[in-house]
Amino acid sequence: MSVITTFKIEYVQYLDAEGKETRNDLPAFTKDLDHMVALYKSMFSTRVFDAKAVSLQRTGKLGTYPSCLGHEAAHIGIGSAMRAEDVLAPSYRESGIQLYRGVQPREIYLYWGGDERGSDYQHEPARHDFPCAVPIATQCLHAAGSALAFKLRGEKRVAVCTLGDGGTSKGDFYGAINVAGAQNLPLVAVIINNQWAISVPRQKQSGATTLAQKGIAANLYCVQVDGNDLIAVRKTVNDALERARAGKGGSVIEAVTYRLSDHTTVDDARRYRDDREVEEAWTKEPMKRLRHWLLGKGVWDDAKEEAWKNACDRRMEDETMAYLETKTQPVTALFDYTFAQLPVDLARQREDALSREKLHG
Amino acid sequence: MAAITLVEAVAQALAYEMQHDDSVLILGEDVGINGGVFRATLGLEKRFGKQRVIDMPLDETSIAGITIGLAVQGMKPVCESQFAGFIYPMLEQISCHGARLRSRTRGRLTVPAVWRAPWGGGIHAPEHHSDANEHLFANIPGLRVVLPSSPARAYGLLLAAIRDPDPVIFFEPKRIYRLDKEEVPDDGEALPLDVCFILRDGSDVTLVTWGSQVKETLEAAHALAKEGIHAEVIDVVTLTPIDFDTIATSIAKTKHCVIVHEAPKTAGFGAEIAARVVETCLYDLLAPVERVTGPDTHMPLLRLETKYLPSVERIMDAARRTLAAS
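## As for the overall build of chain A
Thinking step 1. Looking only at helices and strands, one finds twelve helices and eight strands in chain A.
Thinking step 2. Over its C-alpha atoms chain A spans a radius of gyration of 21 Å, differing by no more than 12% from the 21 Å that the globule rule assigns to 361 residues.
Thinking step 3. Taking the principal axes of its C-alpha atoms as reference, chain A extends roughly 75 × 55 × 40 Å.
Thinking step 4. Buried residues in chain A amount to 48% of all 361 residues.
Thinking step 5. The contacts of chain A with a sequence gap of at least 6 include a subset with a gap of at least 24, amounting to 74%.

Structure, rendered in structure tokens:
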């Protein structure tokens with residue numbers, strides 16, 4: 001018997017659940033402790049943002065919302081590794097990455113509160129990113145197409161798509177990584193494996209030992225990483241981005257984390273998963289380990305945390321006010337963004353809607 | 001100037017626009033060295049290079065989604081679906097994203113893409129190669145559905161479709177790909193989208209059609225004239241957004257309407273036109289609207305194909321029936 005090919009998947013972790021370093025070759029960026037504090041603060045503000053969104057929904061002020069509780073290290077690791085000129089094509093649970101890239105909390109609240117303007121991101125670099133994709137894994141192909149455009153134009157930019165473990169079952173994901181391999185595209189696909197696709201556990205999605213290895217068949221660079229370890233995610237994604245930027249091809253990174261929340265605010269995960277599993281997952285959550293690590297470095301303390309919590313709370317209150325004070329779009333907004341120029345037939349439907357509005361309010 | 005066929009007019013329009021706009025590129029299956037299975041991209045890879053005429057892995061979903069990514073990044077991709085019968089995997093990407101991103105982002109991101117597909121039956125092709133499914137796309141907001149029926153209209157409308165800032169489905173009636181030739185100046189002049197074309201003036205009955213059925217409908221009109229029945233023939237061309245005014249104006253004159261299309265009858269695009277005729281032109285009509293369409297069955301294999309497709313005789317019968325009823 002001769003062996004044509006073999007593969008292995010590296011698992012990357014720098015900090016364990018308690019914040020202890022598990023290897024002695026921490027990446028260079030960890031030496032900039034101010035930056036590490038800033039990353040921790042971004043994770044923290046993501047969690048405050050997220051809790052606020054859930055409470056807004058619970059009090060009837062927001063529509064259905066998919067919480068990203070527990071995904072903070074994955075999100076900020078990805079967001080901080082990307083350059084401004086790169087492009088993000090996220091799924092609907094990636095608020096943390098979006099916030100890091102300049103999406104405003106009020107915009108995400110606005111979107112889940114039922115207003116399309118929430119996807120009209122006003123600030124760069126998010127302004128050139130894709131809005132979150134709701135149909136599963138479809139965004140992977142938009143990233144692949146963007147990557148193809150960058151390659152054709154000789155731009156040193158990378159397209160990043162993020163998806164869940166369930167998303168790796170879809171053809172759009174396989175198609176995107178397949179094209180990326182065939183055409184050597186600067187595409188980085190990050191699977192945020194939070195173990196659950198609504199009520200279906202990771203094991204039912206695939207018989208593969210890791211989800212990262214799905215990229216092996218496409219000849220991409222594939223790594224599994226502790227998705228609760230900010231340092232590991234940041235380093236791995238950064239490596240993948242630089243490979244892609246240098247023309248060395250695409251990557252599939254599997255960030256292993258856990259969905260500490262329900263699927264969305266209309267889901268009740270207690271119907272299908274064991275509380276003990278969730279309790280166990282909480283012991284590995286991403287904030288604690290980085291906080292311990294920063295405490296150990298002497299650059300963070302309870303007073304700083306309290307001050308930052310208060311600052312985040314105030315910010316989210318302001319953002320909430322801005323969201324709630326945003327007036328609903330006029331009925332004409334139904335029509336005005338369908339085409340670049342309103343076609344005659346649609347203009348008449350718009351007029352009808354306007355007259356109904358005048359008649360009935 | 002040599003006369004060219006419809007499929008040659010498609011290739012001529014693609015070449016013109018690629019020559020004059022660097023952001024235009026072609027992607028699909030077999031579009032490169034093979035020039036497409038119908039040769040609509042013949043010679044383009046050699047002329048413009050593999051960077052602009054891209055043979056993709058054989059996955060329609062990927063090709064459709066990647067087209068959207070390219071378009072959002074400022075390219076003007078012209079994506080070929082090899083047959084309209086193989087376009088179904090593209091539907092999710094086109095409907096959920098291609099036609100929707102402008103609205104979803106309030107105009108921040110746009111998709112100036114064209115999806116071309118050889119469309120319809122009548123060439124004795126294998127199973128799944130003959131679908132007429134334009135109505136499925138006509139119900140998708142934010143999307144233009146265009147079907148040219150002559151070399152000149154294929155050239156001018158494809159240019160318009162590529163230049164349009166919004167996504168366009170461009171169905172090419174492959175039965176008439178090589179049927180007729182006409183001189184089509186390669187002058188880069190686009191024809192207008194969103195308007196019907198009146199192909200024949202008449203006073204007695206309005207025949208409304210599109211795609212390959214334009215051929216049979218014109219033949220029927222010609223034959224009816226010998227019986228003293230003067231039919232007006234309207235090629236709808238852009239199904240959505242529809243130019244209903246041209247149809248309504250014609251019916252106000254003729255008082256009779258026959259709609260001809262190849263796709264199945266129920267919920268075919270003829271149903272939309274018939275509904276609008278009733279809404280808008282009921283008091284102009286002297287007889288019920290007639291529809292001559294494919295039956296609500298699957299497109300058969302090639303032996304029964306001609307039984308499925310509307311014929312000149314069926315169109316003439318419908319015209320005579322509606323006139324007799326008034």
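Let's pick the thread back up.
## A word on the overall build of chain B
Thinking step 1. In terms of helices and strands, chain B carries twelve helices and 14 strands.
Thinking step 2. Relative to the 2.2 N^0.38 estimate, which gives 20 Å for 326 residues, the radius of gyration of chain B is 19 Å and therefore close to what a compact globule would have.
Thinking step 3. Across its three principal directions, the C-alpha atoms of chain B cover 60 × 45 × 40 Å.
Thinking step 4. Here chain B, with 326 residues, has 58% of them falling under the buried criterion.
Thinking step 5. When contacts within chain B are restricted to residue pairs at least 6 apart in sequence, long-range pairs at least 24 apart make up 81% of them.

## A word on the interface of chain A and chain B
In many analyses, interface size is given as the accessible surface area lost on bringing the parts together.
Thinking step 1. Listed by partner, the interface residues are 32 residues for chain A and 34 residues for chain B.
Thinking step 2. Of all the elements in the fold, those that place two or more residues in the side of chain A that touches chain B are α5 (139-153), α6 (171-183) and α12 (344-360) of chain A.
Thinking step 3. Counting residues per element, the side of chain A that touches chain B draws most heavily on α5(A), at nine residues.
Thinking step 4. For the side of chain A that touches chain B, a count of residues per class yields 17 nonpolar, nine polar and six charged.

## A few points about the packing of helix α4 (residues 105-112) of chain A against helix α11 (residues 302-324) of chain A
Residues and elements named next belong to chain A.
Thinking step 1. For the pair α4 and α11, the least separation of the axes is 8 Å and the interaxial angle reads 45 degrees. Considering the angle they form, α4 stands oblique to α11. Of the two elements, α4 crosses α11, and the hand of that crossing is right-handed. From α4, P105, R106, Y109 and L110 reach across to α11, where they touch M316, E319, T320, A322 and Y323.
Thinking step 2. Of the residues in the contact of α4 with α11, the class split is six nonpolar, one polar and two charged.

## Observations concerning the nonpolar core
Thinking step 1. Core analysis: the largest hydrophobic core is formed by 193 residues, its most contacted members being A:A144 and A:A176.
Thinking step 2. Dropping the residues within four chain positions of it, A:A144 is found in contact with A:A176, A:V179, A:A180, A:L185, A:L187, B:I66 and B:G69.

## Considerations on the pairing of strand β11 (residues 231-235) of chain B
Residues and elements named next belong to chain B.
Thinking step 1. Most of β11 sits out of view: five of its five residues are buried.
Thinking step 2. Both faces of β11 are covered, namely the face carrying A231, V233 and D235 and the face carrying E232 and I234.
Thinking step 3. With three bridges joining them, strand β9 (residues 197-200) and β11 adopt antiparallel strand pairing. Directly across from I198, in β11, lies its bridge partner I234.
Thinking step 4. In this fold, strand β10 (residues 205-209) hands off to helix α8 (residues 213-226), which returns the chain to β11; that crossover is right-handed.

## Focus on helix α1 (residues 6-20) of chain B
All names here are of chain B.
Thinking step 1. For α1, with 15 residues, the first-to-last C-alpha span of 21 Å sits near the 21 Å given by 1.5 Å per residue.
Thinking step 2. Three or more residues of α1 are buried, namely L6, V7, E8, A9, V10, A11, A13, L14, E17 and M18.
Thinking step 3. On its buried face, α1 is in contact with β1 (3-4), β2 (24-28), α2 (44-48), β4 (76-80), α7 (151-163) and β7 (168-173).

## Quick word on the packing of helix α3 (residues 60-72) of chain B against helix α4 (residues 91-98) of chain B
Residue and element names in this part refer to chain B.
Thinking step 1. For the pair α3 and α4, interaxial distance at closest approach is 8 Å and the crossing angle is 20 degrees. In terms of axis orientation, α3 runs roughly parallel to α4. Our pair here, α3 against α4, has a crossing hand that is right-handed. Two secondary-structure elements touch here, α3 through T61, A64, G65 and I68 and α4 through Q93, I94, H97 and G98.

## Brief notes about helix α9 (residues 244-254) of chain B
In an α-helix, one turn spans 3.6 residues, which is why side chains three or four residues apart end up on the same side.
Thinking step 1. Among the residues making up α9(B), those that are buried are B:F244, B:I247, B:S250, B:I251 and B:T254. For α9(B), the buried positions fall inside an angular range of 125 degrees around the axis, keeping them on one side.
Thinking step 2. Buried residues along α9(B) sit in contact with α12 of chain A together with β10, β11, β13 (257-264) and α10 (269-281) of chain B.
Thinking step 3. Once α9(B) finishes, B:K255 follows within two positions and takes phi at roughly 70 degrees, a positive value.

## A word on the pairing of β10(B)
All names here are of chain B.
Thinking step 1. Among the five residues of β10, five are classified as buried, and the element is accordingly described as predominantly covered.
Thinking step 2. The pairing of β10 with β11 spans five bridges and is parallel. Paired with T209 across the strands is D235, a residue of β11.

## Looking at the environment of B:R47
Residues and elements named next belong to chain B.
Thinking step 1. Residue placement: R47 occurs in helix α2.
Thinking step 2. Taking the C-beta count within 10 Å as the criterion, R47 has 12 such neighbours and is therefore assigned exposed.
Thinking step 3. Counting along the chain gives 246 residues from R47 to T293, while the straight-line C-alpha distance between them is 41 Å.

## So, the environment of B:V53
All names here are of chain B.
Thinking step 1. Position of V53 among the secondary structure elements: in strand β3 (residues 53-55).
Thinking step 2. Overall, V53 belongs to the buried group, with 25 C-beta atoms counted inside 10 Å.
Thinking step 3. Spatially, the C-alpha atoms of V53 and V24 are 9.5 Å apart, while their sequence positions differ by 29 residues.
Thinking step 4. V53 has contacts with I26, V31, G32, T41, L44, E45 and F48, leaving out every residue within four places of it along the chain.

## Observations regarding the sheet that holds strand β4 (residues 187-193) of chain A
All names here are of chain A.
Thinking step 1. With parallel pairing, the six strands of this open sheet are ordered in space as β1-β7-β8-β4-β3-β2. Lying at the two open borders of the sheet, with one neighbouring strand each, are β1 (10-12) and β2 (87-89). Across the sheet, the mean angle separating the axes of adjacent strands is 25 degrees when strand polarity is ignored.
Thinking step 2. Relative to β4, strand β3 (residues 159-164) runs parallel, the two being bridged by six bridges. In the sheet register, L163 faces β4, and the bridge partner there is I191.

What counts as what
Residues numbered from 1 in each chain as written. Chains lettered and ligands numbered in written order. Predicted model: local features only at pLDDT ≥ 70, side-chain atom pairs only at ≥ 80, totals over all residues. Helix = DSSP H or I, 4+ residues; strand = E, 2+ residues; numbered from the N terminus. Rg over C-alpha atoms; globule rule 2.2 N^0.38 Å. Buried ≥ 20, exposed ≤ 12 C-beta atoms within 10 Å, placed from the backbone. Contact = placed C-beta atoms within 7 Å. Nonpolar A, V, L, I, M, F, W, Y, C, P; charged D, E, K, R; others polar. Axes fitted to C-alpha atoms, helices over the stretch in contact; angles between N-to-C directions. Parallel < 35°, antiparallel > 145°, perpendicular 65-115°, else oblique. Left-handed = near helix turned anticlockwise from the far one by under 90°. Core = buried A, V, L, I, M, F, W, Y, C linked by C-beta atoms within 7 Å. Pairing = 2+ DSSP bridges. Right-handed = clockwise from strand over helix to strand, strands pointing away. Expected span 1.5 Å × (residues − 1). Arc of directions from axis to C-beta.

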